[in-house]
Amino acid sequence: MSRAGRVGWIGAGVLIVLGAAIKPVWFPAPVEPPYHLVKTWGGEGTAPGRFRNPIGIAYGNGRVYVADSLNHRIQVFDPDGRFIRRIAVPDQGRPMNIAVRDGKVYVADYWNDDVLIFGADGALERTLGTPGKAGSAPGRFNSPTGVAVGPKGDLYVAGFHNQRVQKLGPDGRFIRQWGHTGEKGYVEAGWFNYPIDVAVAPDGTLYVAGGYNDRIQVFGPDGRFLRKWGGPFAANVSGPFNGWFRTPTCVAIGPRGNVFVADEENDRIQKFTPQGRFLTAFGTPHRGPGYTEIAVTVAPDGTVYTVNLIGNRVEVWRPGPAPAR
Amino acid sequence: MFRFKSWMPLFPALLLITALALPMPVRADGSNAYPMNSYVLQVNGLACPYCAYGLEKQFARQHGVIKTDIDIVKGVAVVHVRPGTRFTDAQLKGFVYDAGFALRRVVHRPGGGRP
(Lines give C-alpha, C1' and ligand atoms only; values in the text may rest on other atoms or scores of the structure.)
Protein backbone atom coordinates (compact mmCIF):
# COMPACT_ATOMS: atom_id res chain seq x y z
CA MET A 1 0.00 0.00 0.00
CA SER A 2 1.30 3.43 -0.86
CA ARG A 3 2.14 5.95 1.83
CA ALA A 4 -0.84 8.10 0.84
CA GLY A 5 -3.09 5.07 1.10
CA ARG A 6 -1.83 4.25 4.59
CA VAL A 7 -2.38 7.84 5.70
CA GLY A 8 -5.89 7.70 4.27
CA TRP A 9 -6.75 4.49 6.12
CA ILE A 10 -5.30 5.79 9.38
CA GLY A 11 -7.24 9.03 8.99
CA ALA A 12 -10.47 7.15 8.35
CA GLY A 13 -9.82 4.97 11.40
CA VAL A 14 -9.21 7.99 13.59
CA LEU A 15 -12.42 9.59 12.36
CA ILE A 16 -14.41 6.41 13.08
CA VAL A 17 -12.98 6.13 16.59
CA LEU A 18 -13.60 9.83 17.24
CA GLY A 19 -17.13 9.55 15.87
CA ALA A 20 -17.86 6.53 18.07
CA ALA A 21 -16.55 8.40 21.10
CA ILE A 22 -18.33 11.66 20.34
CA LYS A 23 -21.71 10.30 19.28
CA PRO A 24 -23.03 9.21 22.69
CA VAL A 25 -21.72 12.41 24.27
CA TRP A 26 -22.84 14.99 21.73
CA PHE A 27 -25.71 13.07 20.15
CA PRO A 28 -27.19 10.99 22.98
CA ALA A 29 -30.06 8.63 22.43
CA PRO A 30 -33.09 8.95 24.71
CA VAL A 31 -33.12 6.57 27.64
CA GLU A 32 -36.76 7.19 28.53
CA PRO A 33 -39.83 7.23 26.30
CA PRO A 34 -41.25 10.68 25.56
CA TYR A 35 -44.15 12.04 27.58
CA HIS A 36 -47.62 12.07 26.06
CA LEU A 37 -50.11 14.92 25.89
CA VAL A 38 -53.20 14.35 28.01
CA LYS A 39 -54.93 17.72 28.07
CA THR A 40 -54.81 21.32 26.93
CA TRP A 41 -56.69 24.48 27.84
CA GLY A 42 -56.65 28.11 26.81
CA GLY A 43 -56.82 29.82 23.44
CA GLU A 44 -56.17 33.42 22.49
CA GLY A 45 -58.19 36.10 24.22
CA THR A 46 -58.72 38.21 27.29
CA ALA A 47 -61.51 36.28 28.99
CA PRO A 48 -60.73 34.16 32.03
CA GLY A 49 -58.94 31.02 30.94
CA ARG A 50 -57.64 32.57 27.74
CA PHE A 51 -54.20 33.98 27.12
CA ARG A 52 -52.21 36.53 25.16
CA ASN A 53 -48.54 35.55 25.14
CA PRO A 54 -48.47 33.12 28.06
CA ILE A 55 -44.80 32.97 29.01
CA GLY A 56 -44.35 31.48 32.47
CA ILE A 57 -45.88 28.69 34.51
CA ALA A 58 -45.51 27.34 38.04
CA TYR A 59 -47.16 24.64 40.10
CA GLY A 60 -47.79 25.12 43.80
CA ASN A 61 -50.30 24.25 46.49
CA GLY A 62 -52.29 22.13 44.05
CA ARG A 63 -52.70 25.02 41.66
CA VAL A 64 -51.28 25.91 38.26
CA TYR A 65 -50.19 29.54 37.89
CA VAL A 66 -49.76 30.97 34.40
CA ALA A 67 -48.06 34.26 33.55
CA ASP A 68 -50.40 35.75 30.94
CA SER A 69 -48.01 38.40 29.79
CA LEU A 70 -49.89 40.66 27.39
CA ASN A 71 -53.01 40.47 29.57
CA HIS A 72 -50.87 41.74 32.47
CA ARG A 73 -52.03 39.06 34.88
CA ILE A 74 -51.34 35.75 36.50
CA GLN A 75 -54.13 33.23 36.05
CA VAL A 76 -54.67 30.49 38.60
CA PHE A 77 -56.19 27.13 37.68
CA ASP A 78 -56.82 23.82 39.32
CA PRO A 79 -54.81 20.92 37.88
CA ASP A 80 -57.64 20.13 35.45
CA GLY A 81 -57.61 23.60 33.97
CA ARG A 82 -60.60 25.08 35.76
CA PHE A 83 -60.11 28.81 36.20
CA ILE A 84 -59.96 29.90 39.83
CA ARG A 85 -58.86 33.52 39.87
CA ARG A 86 -56.60 36.14 38.42
CA ILE A 87 -53.87 38.26 39.94
CA ALA A 88 -53.46 41.60 38.23
CA VAL A 89 -49.89 42.71 37.55
CA PRO A 90 -49.83 46.50 38.08
CA ASP A 91 -48.67 49.20 35.71
CA GLN A 92 -49.27 47.16 32.57
CA GLY A 93 -46.57 44.77 33.75
CA ARG A 94 -45.38 41.86 31.66
CA PRO A 95 -45.05 38.81 33.91
CA MET A 96 -42.46 36.36 32.62
CA ASN A 97 -41.19 33.27 34.46
CA ILE A 98 -42.75 32.93 37.90
CA ALA A 99 -42.34 30.90 41.08
CA VAL A 100 -44.71 29.77 43.80
CA ARG A 101 -43.65 28.94 47.34
CA ASP A 102 -45.88 28.52 50.40
CA GLY A 103 -48.76 30.18 48.60
CA LYS A 104 -46.78 33.26 47.68
CA VAL A 105 -46.37 34.08 44.00
CA TYR A 106 -43.08 35.56 42.81
CA VAL A 107 -43.23 37.38 39.49
CA ALA A 108 -40.43 38.70 37.30
CA ASP A 109 -41.91 41.78 35.63
CA TYR A 110 -39.93 42.52 32.49
CA TRP A 111 -41.74 45.73 31.67
CA ASN A 112 -41.39 47.53 34.99
CA ASP A 113 -37.96 46.16 35.94
CA ASP A 114 -39.08 44.78 39.27
CA VAL A 115 -39.92 41.57 41.07
CA LEU A 116 -43.38 41.35 42.60
CA ILE A 117 -44.38 39.17 45.53
CA PHE A 118 -48.07 38.41 45.92
CA GLY A 119 -49.63 36.81 48.98
CA ALA A 120 -51.78 33.72 48.93
CA ASP A 121 -54.84 35.98 48.63
CA GLY A 122 -53.43 37.59 45.48
CA ALA A 123 -52.66 40.91 47.16
CA LEU A 124 -49.36 42.54 46.28
CA GLU A 125 -47.19 42.26 49.38
CA ARG A 126 -43.88 43.52 48.20
CA THR A 127 -41.99 45.00 45.26
CA LEU A 128 -38.26 44.52 44.80
CA GLY A 129 -36.25 46.88 42.61
CA THR A 130 -37.43 50.28 41.47
CA PRO A 131 -40.65 49.98 39.46
CA GLY A 132 -40.36 51.56 36.03
CA LYS A 133 -36.64 52.31 36.35
CA ALA A 134 -34.11 49.86 35.06
CA GLY A 135 -30.87 49.70 36.98
CA SER A 136 -27.68 47.73 37.23
CA ALA A 137 -26.72 48.40 40.85
CA PRO A 138 -26.98 45.50 43.30
CA GLY A 139 -30.61 44.74 43.96
CA ARG A 140 -31.81 46.56 40.85
CA PHE A 141 -33.13 44.94 37.70
CA ASN A 142 -33.13 45.52 33.96
CA SER A 143 -35.79 43.32 32.35
CA PRO A 144 -35.93 40.49 34.88
CA THR A 145 -37.17 37.30 33.25
CA GLY A 146 -36.95 34.54 35.83
CA VAL A 147 -37.25 34.10 39.58
CA ALA A 148 -36.81 31.17 41.96
CA VAL A 149 -36.99 30.70 45.71
CA GLY A 150 -34.23 28.81 47.52
CA PRO A 151 -34.66 26.41 50.44
CA LYS A 152 -34.03 29.18 52.99
CA GLY A 153 -36.31 31.68 51.29
CA ASP A 154 -33.56 33.39 49.32
CA LEU A 155 -34.56 34.77 45.93
CA TYR A 156 -32.71 34.18 42.70
CA VAL A 157 -33.46 36.53 39.82
CA ALA A 158 -32.32 36.22 36.20
CA GLY A 159 -31.65 39.67 34.75
CA PHE A 160 -32.00 39.53 30.98
CA HIS A 161 -30.39 42.82 30.01
CA ASN A 162 -27.98 42.93 32.96
CA GLN A 163 -26.48 39.56 31.93
CA ARG A 164 -26.48 38.30 35.49
CA VAL A 165 -28.26 36.27 38.14
CA GLN A 166 -28.71 37.89 41.54
CA LYS A 167 -29.25 36.21 44.88
CA LEU A 168 -31.27 38.23 47.36
CA GLY A 169 -32.15 37.47 50.95
CA PRO A 170 -35.77 36.88 51.95
CA ASP A 171 -35.87 40.57 52.86
CA GLY A 172 -34.71 41.57 49.38
CA ARG A 173 -31.18 42.42 50.47
CA PHE A 174 -28.50 41.77 47.83
CA ILE A 175 -26.26 38.81 48.69
CA ARG A 176 -24.27 38.00 45.57
CA GLN A 177 -24.42 37.64 41.82
CA TRP A 178 -23.27 35.37 39.02
CA GLY A 179 -22.20 36.81 35.68
CA HIS A 180 -20.69 40.17 34.84
CA THR A 181 -23.14 43.05 34.89
CA GLY A 182 -23.96 44.18 31.36
CA GLU A 183 -21.26 42.04 29.76
CA LYS A 184 -22.04 39.04 27.63
CA GLY A 185 -19.98 35.87 27.68
CA TYR A 186 -20.40 32.96 25.34
CA VAL A 187 -18.05 30.12 26.24
CA GLU A 188 -16.58 30.51 29.71
CA ALA A 189 -18.37 29.18 32.74
CA GLY A 190 -20.10 31.77 34.88
CA TRP A 191 -20.83 34.14 32.01
CA PHE A 192 -24.22 34.70 30.47
CA ASN A 193 -25.71 35.83 27.20
CA TYR A 194 -29.19 37.01 28.14
CA PRO A 195 -29.99 34.58 30.97
CA ILE A 196 -33.70 33.92 31.08
CA ASP A 197 -34.68 31.64 33.94
CA VAL A 198 -33.48 30.08 37.18
CA ALA A 199 -34.47 27.09 39.28
CA VAL A 200 -33.20 25.99 42.67
CA ALA A 201 -33.13 22.37 43.82
CA PRO A 202 -34.07 21.51 47.43
CA ASP A 203 -30.36 21.30 48.33
CA GLY A 204 -29.75 24.84 47.06
CA THR A 205 -28.16 23.92 43.73
CA LEU A 206 -28.85 26.67 41.20
CA TYR A 207 -29.72 25.97 37.55
CA VAL A 208 -29.64 28.81 35.03
CA ALA A 209 -31.28 28.64 31.60
CA GLY A 210 -28.79 30.56 29.56
CA GLY A 211 -31.18 31.94 26.96
CA TYR A 212 -29.07 32.99 24.00
CA ASN A 213 -26.10 30.99 25.28
CA ASP A 214 -28.01 27.83 24.46
CA ARG A 215 -26.89 26.07 27.62
CA ILE A 216 -27.70 25.25 31.21
CA GLN A 217 -25.22 26.27 33.89
CA VAL A 218 -25.23 24.76 37.37
CA PHE A 219 -23.86 26.33 40.55
CA GLY A 220 -23.55 24.70 43.95
CA PRO A 221 -25.21 25.91 47.15
CA ASP A 222 -21.95 27.73 47.93
CA GLY A 223 -22.15 29.54 44.58
CA ARG A 224 -19.32 27.60 42.98
CA PHE A 225 -19.69 26.65 39.31
CA LEU A 226 -20.38 22.92 38.98
CA ARG A 227 -21.16 22.08 35.37
CA LYS A 228 -22.79 23.17 32.14
CA TRP A 229 -24.38 21.40 29.24
CA GLY A 230 -25.96 22.08 25.84
CA GLY A 231 -24.18 21.25 22.57
CA PRO A 232 -20.44 20.71 22.12
CA PHE A 233 -18.62 21.99 25.23
CA ALA A 234 -21.72 24.04 26.07
CA ALA A 235 -20.02 26.80 24.13
CA ASN A 236 -22.98 28.71 22.71
CA VAL A 237 -23.54 26.27 19.86
CA SER A 238 -27.22 25.78 19.14
CA GLY A 239 -28.83 22.85 17.39
CA PRO A 240 -31.82 20.54 17.15
CA PHE A 241 -30.12 17.41 18.48
CA ASN A 242 -30.82 15.66 21.77
CA GLY A 243 -29.19 17.59 24.58
CA TRP A 244 -28.64 20.69 22.44
CA PHE A 245 -30.70 23.84 22.72
CA ARG A 246 -32.05 26.69 20.65
CA THR A 247 -32.87 29.32 23.29
CA PRO A 248 -33.67 27.58 26.57
CA THR A 249 -36.27 29.83 28.16
CA CYS A 250 -37.32 28.01 31.32
CA VAL A 251 -35.85 25.47 33.72
CA ALA A 252 -37.73 23.45 36.34
CA ILE A 253 -36.82 20.74 38.82
CA GLY A 254 -38.91 17.59 38.92
CA PRO A 255 -39.87 15.66 42.07
CA ARG A 256 -36.92 13.29 41.64
CA GLY A 257 -34.44 16.06 41.01
CA ASN A 258 -34.48 15.74 37.23
CA VAL A 259 -34.14 18.93 35.23
CA PHE A 260 -36.76 19.98 32.68
CA VAL A 261 -35.83 22.65 30.16
CA ALA A 262 -38.14 24.50 27.77
CA ASP A 263 -36.15 24.54 24.55
CA GLU A 264 -38.23 27.21 22.89
CA GLU A 265 -36.94 27.42 19.35
CA ASN A 266 -36.84 23.63 19.09
CA ASP A 267 -40.50 23.50 20.17
CA ARG A 268 -39.81 20.94 22.87
CA ILE A 269 -39.17 20.18 26.52
CA GLN A 270 -35.96 18.28 27.29
CA LYS A 271 -35.50 16.24 30.44
CA PHE A 272 -32.09 15.64 32.02
CA THR A 273 -30.62 14.11 35.13
CA PRO A 274 -29.23 16.65 37.63
CA GLN A 275 -25.82 15.89 36.12
CA GLY A 276 -27.01 16.87 32.66
CA ARG A 277 -27.47 13.47 31.10
CA PHE A 278 -30.17 13.62 28.44
CA LEU A 279 -33.21 11.46 29.24
CA THR A 280 -35.98 12.31 26.80
CA ALA A 281 -37.69 15.08 24.86
CA PHE A 282 -41.27 15.89 23.99
CA GLY A 283 -43.41 18.79 22.84
CA THR A 284 -45.81 20.11 20.27
CA PRO A 285 -44.18 20.46 16.86
CA HIS A 286 -44.87 23.61 14.94
CA ARG A 287 -44.38 24.72 11.38
CA GLY A 288 -44.15 28.33 10.35
CA PRO A 289 -43.20 31.40 12.34
CA GLY A 290 -43.40 31.33 16.11
CA TYR A 291 -42.63 28.64 18.66
CA THR A 292 -44.52 26.41 21.05
CA GLU A 293 -42.89 25.19 24.29
CA ILE A 294 -41.67 28.27 26.16
CA ALA A 295 -42.13 27.28 29.82
CA VAL A 296 -42.43 24.21 31.99
CA THR A 297 -43.28 23.20 35.54
CA VAL A 298 -43.62 19.81 37.21
CA ALA A 299 -46.21 18.76 39.81
CA PRO A 300 -45.20 16.51 42.73
CA ASP A 301 -46.83 13.50 41.00
CA GLY A 302 -44.61 13.98 37.94
CA THR A 303 -47.25 15.56 35.71
CA VAL A 304 -45.64 18.17 33.50
CA TYR A 305 -47.41 21.42 32.64
CA THR A 306 -46.07 23.45 29.74
CA VAL A 307 -46.96 26.71 28.06
CA ASN A 308 -47.47 26.71 24.32
CA LEU A 309 -46.69 30.27 23.28
CA ILE A 310 -47.95 30.32 19.72
CA GLY A 311 -51.02 28.28 20.66
CA ASN A 312 -51.81 30.49 23.68
CA ARG A 313 -52.53 27.43 25.77
CA VAL A 314 -51.42 25.22 28.64
CA GLU A 315 -50.49 21.62 27.84
CA VAL A 316 -50.49 18.75 30.33
CA TRP A 317 -48.11 15.83 29.83
CA ARG A 318 -47.71 12.48 31.53
CA PRO A 319 -44.63 10.26 31.49
CA GLY A 320 -44.36 7.48 28.95
CA PRO A 321 -46.15 6.74 25.73
CA ALA A 322 -49.87 7.32 25.34
CA PRO A 323 -51.90 4.35 26.56
CA ALA A 324 -53.41 2.23 23.80
CA ARG A 325 -57.12 2.78 23.26
CA MET B 1 -64.52 57.56 -36.13
CA PHE B 2 -64.26 57.07 -32.38
CA ARG B 3 -67.34 55.35 -31.03
CA PHE B 4 -67.49 55.70 -27.26
CA LYS B 5 -70.06 52.95 -26.76
CA SER B 6 -67.89 50.38 -28.46
CA TRP B 7 -65.10 51.07 -25.90
CA MET B 8 -67.35 50.81 -22.86
CA PRO B 9 -66.87 47.07 -22.25
CA LEU B 10 -63.12 47.62 -22.16
CA PHE B 11 -63.25 50.18 -19.32
CA PRO B 12 -63.36 47.70 -16.44
CA ALA B 13 -60.45 45.79 -17.94
CA LEU B 14 -58.47 49.02 -18.42
CA LEU B 15 -59.21 50.09 -14.86
CA LEU B 16 -58.05 46.73 -13.58
CA ILE B 17 -54.83 46.87 -15.59
CA THR B 18 -54.17 50.43 -14.39
CA ALA B 19 -54.80 49.46 -10.77
CA LEU B 20 -52.46 46.52 -11.01
CA ALA B 21 -49.76 48.64 -12.62
CA LEU B 22 -49.81 51.25 -9.83
CA PRO B 23 -47.51 50.63 -6.88
CA MET B 24 -49.74 49.10 -4.23
CA PRO B 25 -48.73 49.68 -0.62
CA VAL B 26 -48.92 46.37 1.16
CA ARG B 27 -48.67 46.22 4.90
CA ALA B 28 -46.43 43.66 6.44
CA ASP B 29 -49.41 41.92 7.94
CA GLY B 30 -50.88 41.42 4.48
CA SER B 31 -53.59 44.09 4.47
CA ASN B 32 -53.26 47.10 2.23
CA ALA B 33 -54.05 49.95 4.62
CA TYR B 34 -51.31 51.63 6.58
CA PRO B 35 -52.05 52.65 10.14
CA MET B 36 -51.88 56.42 10.41
CA ASN B 37 -48.97 57.96 12.30
CA SER B 38 -47.03 54.79 12.56
CA TYR B 39 -43.82 53.26 11.41
CA VAL B 40 -44.02 49.64 10.32
CA LEU B 41 -40.69 47.90 10.67
CA GLN B 42 -39.57 44.46 9.65
CA VAL B 43 -36.97 43.27 12.12
CA ASN B 44 -34.77 40.20 12.02
CA GLY B 45 -34.86 37.85 14.99
CA LEU B 46 -38.13 38.89 16.60
CA ALA B 47 -39.07 35.32 17.31
CA CYS B 48 -39.36 35.29 21.07
CA PRO B 49 -41.15 37.62 23.46
CA TYR B 50 -37.97 38.17 25.48
CA CYS B 51 -36.41 40.02 22.57
CA ALA B 52 -39.64 41.53 21.28
CA TYR B 53 -40.45 43.13 24.62
CA GLY B 54 -36.94 44.57 24.69
CA LEU B 55 -37.58 46.32 21.39
CA GLU B 56 -40.89 47.58 22.70
CA LYS B 57 -39.18 49.02 25.77
CA GLN B 58 -36.55 50.66 23.59
CA PHE B 59 -39.18 52.51 21.55
CA ALA B 60 -41.18 53.37 24.67
CA ARG B 61 -38.20 55.48 25.79
CA GLN B 62 -38.30 57.62 22.63
CA HIS B 63 -40.07 60.98 22.66
CA GLY B 64 -43.25 61.00 20.61
CA VAL B 65 -43.84 57.25 20.66
CA ILE B 66 -47.30 56.34 21.94
CA LYS B 67 -46.95 52.57 21.83
CA THR B 68 -45.40 49.76 19.86
CA ASP B 69 -47.23 46.67 18.72
CA ILE B 70 -45.03 43.70 18.02
CA ASP B 71 -46.11 40.70 16.03
CA ILE B 72 -43.54 38.05 16.82
CA VAL B 73 -45.13 35.64 14.36
CA LYS B 74 -44.58 38.00 11.42
CA GLY B 75 -41.44 39.70 12.76
CA VAL B 76 -43.09 43.10 12.49
CA ALA B 77 -43.03 46.07 14.85
CA VAL B 78 -45.63 48.82 14.45
CA VAL B 79 -44.47 51.98 16.21
CA HIS B 80 -47.35 54.38 16.82
CA VAL B 81 -46.22 57.99 17.10
CA ARG B 82 -47.82 61.33 17.86
CA PRO B 83 -48.66 63.45 14.77
CA GLY B 84 -45.60 65.36 13.67
CA THR B 85 -43.14 62.89 15.14
CA ARG B 86 -40.54 61.93 12.58
CA PHE B 87 -37.69 59.45 12.72
CA THR B 88 -35.06 59.00 10.06
CA ASP B 89 -34.11 55.55 8.86
CA ALA B 90 -30.80 55.94 10.64
CA GLN B 91 -32.57 56.71 13.92
CA LEU B 92 -34.87 53.73 13.52
CA LYS B 93 -31.94 51.50 12.69
CA GLY B 94 -30.17 52.76 15.81
CA PHE B 95 -33.14 52.11 18.09
CA VAL B 96 -33.49 48.58 16.74
CA TYR B 97 -29.76 47.96 16.98
CA ASP B 98 -29.62 49.21 20.57
CA ALA B 99 -32.30 46.69 21.45
CA GLY B 100 -30.11 43.95 20.00
CA PHE B 101 -31.66 43.47 16.56
CA ALA B 102 -31.16 44.25 12.91
CA LEU B 103 -33.68 46.35 11.01
CA ARG B 104 -34.55 44.60 7.76
CA ARG B 105 -36.58 47.43 6.28
CA VAL B 106 -39.02 50.21 6.99
CA VAL B 107 -42.29 49.26 5.36
CA HIS B 108 -44.22 52.40 6.14
CA ARG B 109 -43.80 55.92 7.41
CA PRO B 110 -46.41 58.19 8.98
CA GLY B 111 -48.74 59.90 6.55
CA GLY B 112 -48.47 57.16 3.97
CA GLY B 113 -44.99 58.02 2.75
CA ARG B 114 -43.28 55.13 1.10
CA PRO B 115 -39.75 54.14 1.95
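Residues numbered from 1 in each chain as written. Chains lettered and ligands numbered in written order. Predicted model: local features only at pLDDT ≥ 70, side-chain atom pairs only at ≥ 80, totals over all residues. Heavy atoms only, no water.

Q: For this particular structure, what's the right way to read the interface of chain A and chain B?
A: The parts lose accessible area when they come together, and the size of an interface is often stated as this lost area. Taken together, the contacts link 24 residues of chain A with 12 residues of chain B. In total, about 1500 Å² of surface goes out of reach between chain A and chain B, with carbon and sulfur atoms giving 63% of it. Looking only at chain A, the three residues that lose the most surface to chain B are R94(A), Y110(A) and W111(A), adding up to 29% of its buried area. Summed over the shared surface of chain A and chain B, the number is two salt bridges. Between K57(B) and D113(A) there is a salt bridge whose closest N-O contact spans 2.6 Å. Taken together, the links from chain A to chain B amount to nine residue pairs in polar contact (both at pLDDT 80 or more). When the residues that make up the side of chain A that touches chain B are grouped by side-chain class, the tally is 13 nonpolar, eight polar and three charged. (Contact = heavy atoms within 4.5 Å. Buried area = accessible area lost by both parts, 1.4 Å probe. Salt bridge = Lys/Arg side-chain N within 4 Å of Asp/Glu carboxyl O. Polar contact = N/O pair within 3.5 Å; in protein donor to acceptor, adjacent residues only side chain to side chain. Nonpolar A, V, L, I, M, F, W, Y, C, P; charged D, E, K, R; others polar.)

Q: Looking at this structure, I do not really get the nonpolar core. What am I missing?
A: It is characteristic of soluble globular proteins that their nonpolar side chains tend to be buried jointly. Counting 57 residues, the largest nonpolar core has Y305(A), L41(B), L55(B), F59(B) and L92(B) as its most contacted members. Counting residues per element, this core draws most heavily on helix 3 (residues 49-60) of chain B, at six residues. Grouped together as the second largest cluster of nonpolar side chains are 14 residues, A199(A), A209(A), V218(A) and V259(A) included. (Core = buried A, V, L, I, M, F, W, Y, C linked by side-chain atoms within 4.5 Å. Buried < 20%, exposed > 50% of the residue type's maximum accessible area, 1.4 Å probe, protein only. Helix = DSSP H or I, 4+ residues; strand = E, 2+ residues; numbered from the N terminus.)

Q: Mind showing me how you'd approach the side chain of S38(B) here?
A: Residue and element names in this part refer to chain B. Within the secondary structure, S38 sits in strand 1 (residues 38-44). Relative accessible area serves as the criterion here: at 0%, S38 is assigned to the buried category. Apart from residues no more than four positions distant in its own chain, S38 is found in contact with V78, V79, H80, V81, H108, R109 and P110.

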